[in-house]
Amino acid sequence: MKNKPSILLIFASAVLISAVAIAIIGDIFSPFAVTDQDLLNRLKPPSFLGGPDQYLLGTDRIGRDMVARLVSGLRMSLLVALAGTLIGAIVGTLIGFIAAHFRGYVEEILMMLVDFQASLPFILIALTLLAFFGNSLFLFIILMGLFGWETYARLARGVVLSATSQPYSKAITSLGAHPMRLYLRHILPNVASALIVQITLTFPQIILLETSLSFLGLGIQSPNTSLGQILGDGRDYLSTAWWISVWPGLLIFVITLSMSILGDALRDRLDPMLKIRTT
C-alpha cells in the first residue's frame, strides 16, 4: 500500500503551483501596471487596513501598486532561480561526466576547480564578479548558474565511476557501444533521480541568494523588479509602511519552504538507500 502524501507536501505543492500560475497570469489581478505611479497615494496601507479600495496590498514610496510589483517581482525571481538552477545542473553534470570519463590529469584539474569553488563563500565570488564586470540581467543569471555546480559535478562523477564498474556497463562497452551511448542511454537515467532531488534543494538557495544580492542593490536592477529588490526598497519604511517589505518577505519564505519540503519528499521517494533502510 502506497503512502499517502502528507499535508505538508500537499500544501507545498499547492503553493508552488499557485506561485507559478500567479507569475504567469498574475497581471489580471491588478488594474495597474508595475510602473504606474500615484504620488498622491504613496505609502498607503492595504485596503483591508483602511487604505484606498483600489490598492489591495497598499502602495510603495512612489505610489506604485504592491500587487503589480509583487507579481512582477515573483515572475523575475522564479525566472532567475529556474535559469540559474538549470545552468548549474547542466554545467556541473557535464563536468562530472568529463572528469569520470577522461580520468588522470583532466580529472585532477576539474576536481581541483570543484574544491576551489566549494572552499570559497559564493557571496564573495558574486560580489567580486559584479564589481569587475558590472551588472545586467544576462550576467546575473549566468552568475546564479555558477552557484552549486560543484555539487552536481561531484554527484555526477561519483555515479559515473560507480556505474562504469558495473557488469552491464562493461558488457555494453565490450559490444562496441560508443561511450556517448553508454552515458546518455544507460548511466544518465541512473543519475537523473539524484539530480532532480539536488535541483529541488538548490532552487530555494538560489532564490535566497538572488534576494540577498538584490537587497544589497547588487542584483536585479530597475526597470526590472524582483522580490529581493522590493524587500530592499522597503527597509527604510519598516516602522511606517511595513507592508512594502513584509509581502515580498512572506512570499520568499513560503516559496523556499515549500520547495524544501518538496525536495525532502522527492529525496525520500527516489533515494534507493533510504528505501533499503525503511524495508
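Residues numbered from 1 in each chain as written. Predicted model: local features only at pLDDT ≥ 70, side-chain atom pairs only at ≥ 80, totals over all residues. Heavy atoms only, no water.

(A) Highlighting the overall build of the protein chain. In terms of helices and strands, the protein chain carries 11 helices and 0 strands. Tracing the protein chain from N to C terminus, the helices and strands come up as α-α-α-α-α-α-α-α-α-α-α. For the C-alpha atoms alone, the extent of the protein chain along its principal axes is close to 75 × 55 × 30 Å. Put simply, the protein chain has 279 residues, and 41% of those count as buried. Restricting to contacts in the protein chain with at least 6 residues of sequence separation, those with at least 24 account for 68%. Looking at the protein chain as shown, the accessible area adds up to about 15400 Å², and 69% of this sits on carbon and sulfur atoms. Of the charged side chains in the protein chain, 19 are positive and 16 negative; the average position of the first set lies 11 Å away from that of the second. (Helix = DSSP H or I, 4+ residues; strand = E, 2+ residues; numbered from the N terminus. Buried < 20%, exposed > 50% of the residue type's maximum accessible area, 1.4 Å probe, protein only. Contact = heavy atoms within 4.5 Å. Areas by Shrake-Rupley, 256 points an atom, 1.4 Å probe, with all protein chains shown as cover. Lys, Arg positive; Asp, Glu negative; His and termini not counted. Charge placed at Lys NZ, Arg CZ, Asp CG, Glu CD.)

(B) Representation of the side chain of Asn-41 within the structure. Relative to the helices and strands, Asn-41 resides in the loop between α1 (7-25) and α2 (66-102). Assessed through its relative accessible area of 16%, Asn-41 is described here as buried. Engagement of the side chain of Asn-41 in a polar contact is seen with the side chain of Asp-38, the distance being 2.6 Å. Those residues in contact with Asn-41, other than ones at most four positions away along the chain, are Pro-52, Gln-54, Tyr-55, Thr-59 and Gly-63. (Polar contact = N/O pair within 3.5 Å; in protein donor to acceptor, adjacent residues only side chain to side chain.)

(C) Structural detail: the packing of α2 against helix α3 (residues 104-119). Where α2 contacts α3, the axes come no closer than 7 Å and their chain directions differ by 150 degrees. Crossing angle aside, the handedness with which α2 passes α3 is left-handed. Only Gly-104, Val-106, Glu-107, Leu-110 and Met-111 of α3 make contact with α2, whose side of the interface consists of Ile-95, Ile-98, Ala-99 and Phe-102. Looking at the contact of α2 with α3 residue by residue, the class counts come to 7 nonpolar, 1 polar and 1 charged. (Axes fitted to C-alpha atoms, helices over the stretch in contact; angles between N-to-C directions. Left-handed = near helix turned anticlockwise from the far one by under 90°. Nonpolar A, V, L, I, M, F, W, Y, C, P; charged D, E, K, R; others polar.)

(D) Quick peek at the pattern of salt bridges. For the structure on display, the rule yields 7 salt bridges. One salt bridge connects Asp-233 with Arg-69, and the closest N-O pair in it is separated by 3.5 Å. Of the two residues, Asp-233 is situated in helix α9 (residues 227-233) and Arg-69 in helix α2; the sequence distance between them amounts to 164 residues. Across the pair Arg-103 and Glu-107 runs a salt bridge whose closest N-O atoms are separated by 3.0 Å. A relative accessible area of 10% places Glu-107 in the buried class. The network of salt bridges with shared partners includes Asp-60, Arg-64, Arg-69 and Asp-233. (Salt bridge = Lys/Arg side-chain N within 4 Å of Asp/Glu carboxyl O.)

(E) Representation of the packing of aromatic side chains in the model. Counting across every chain of the model gives 5 aromatic pairs. Pairing Phe-48 with Trp-247 gives two aromatic rings, centres 6.4 Å apart and planes at 65 degrees, and the pair type is edge-to-face. Note that Phe-48 is positioned in the loop between α1 and α2 and Trp-247 in helix α10 (residues 243-270), a separation of 199 residues in sequence. Centroid distance Phe-122 to Phe-147: 5.3 Å. Interplanar angle 75 degrees. Geometry classified as edge-to-face. Note that Phe-122 is positioned in helix α4 (residues 122-133) and Phe-147 in the loop between α5 (137-145) and α6 (149-164), a separation of 25 residues in sequence. Each member of the pair, Phe-122 as well as Phe-147, carries the same accessibility label: buried. Through a chain of ring-to-ring contacts, the aromatic side chains of Phe-48, Trp-242, Trp-243 and Trp-247 assemble into a single cluster. Positioned above the aromatic ring of Phe-215, the side-chain terminus of Arg-235 is 4.9 Å from the ring centre. (Phe/Tyr/Trp six-rings, centres within 6.5 Å; stacked < 30°, edge-to-face > 60°. Lys NZ or Arg CZ within 6 Å of the ring centre and 35° of its normal.)

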